[in-house]
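Chains, contacts and geometry: an overview
Listed here are the chains, written in short residue letters.
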Amino acid sequence: QVQLVESGGGLVQAGGSLRLSCAASGRTFSSIDLAWFRQVPGKEREIVGRISWAAGTYYADFVKGRFTLSGDSSKNTVELQMNSLKPEDTAIYYCSARPATMVAWIYWGQGTQVTVSS
């Protein structure tokens, strides 16, 4: 079992920055993959980026060059630095985890709202 707690959402103007943090507990940090997803009401949840200790880091095309994932295994945290934010980045952002041997994302945080004003 993995517990995930997100923090760092809020309201920012277009072009600004926010930093989201996800604290994971319950399993050895190096044995799980961590990801950030986002969801807008009425749309499917989409992956923003993923950090895997075995496979490295992945970013969705729509955030490449703007968002950066980083992990601290000593603190069991993963952070999403979001720069050059756009109004279309407005969404609820969710931290997710899965055992490194699985494909499905099975652990989820409660979500944190990010709102980017134009």
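See the structure shown above.
This write-up is about the structure you can find in this document. (Residues numbered from 1 in each chain as written. Predicted model: local features only at pLDDT ≥ 70, side-chain atom pairs only at ≥ 80, totals over all residues. Heavy atoms only, no water.)

Before going further, it helps to spend a moment on the side chain of S52. Following the sequence through the fold, S52 ends up in strand β5 (residues 46–52). Residue classification places S52 among the buried residues on the basis of a relative accessible area of 6%. A polar contact of 3.1 Å, which involves the side chain of S52, links it to the side chain of D33. (Helix = DSSP H or I, 4+ residues; strand = E, 2+ residues; numbered from the N terminus. Buried < 20%, exposed > 50% of the residue type's maximum accessible area, 1.4 Å probe, protein only. Polar contact = N/O pair within 3.5 Å; in protein donor to acceptor, adjacent residues only side chain to side chain.)

It is worth spelling out unusual backbone geometry at this point. Positioned with a positive phi, S84 is a non-glycine residue whose angle comes to about 50 degrees. Position of S84 among the secondary structure elements: in the loop between β8 (77–82) and β9 (91–99). Taking relative accessible area as the criterion, S84 reaches 42% and is therefore assigned partly exposed.

Before going further, it helps to spend a moment on the sheet that holds strand β7 (residues 67–72). Hydrogen bonds between backbone groups are what pair the strands of a sheet, and the pairing can be parallel or antiparallel. Spatially, the four strands line up as an open sheet ordered β1-β3-β8-β7, and their pairing is antiparallel. Every interior strand has two partners, whereas the edge strands, β1 (3–7) and β7, have only one. Pairs of neighbouring strands in the sheet enclose a mean axial angle of 15 degrees, with direction left out of account. Here β1 pairs with strand β3 (residues 18–25) via five bridges, running antiparallel. Of the residues in β3, the one forming a bridge with Q3 is S25. (Pairing = 2+ DSSP bridges. Axes fitted to C-alpha atoms, helices over the stretch in contact; angles between N-to-C directions.)

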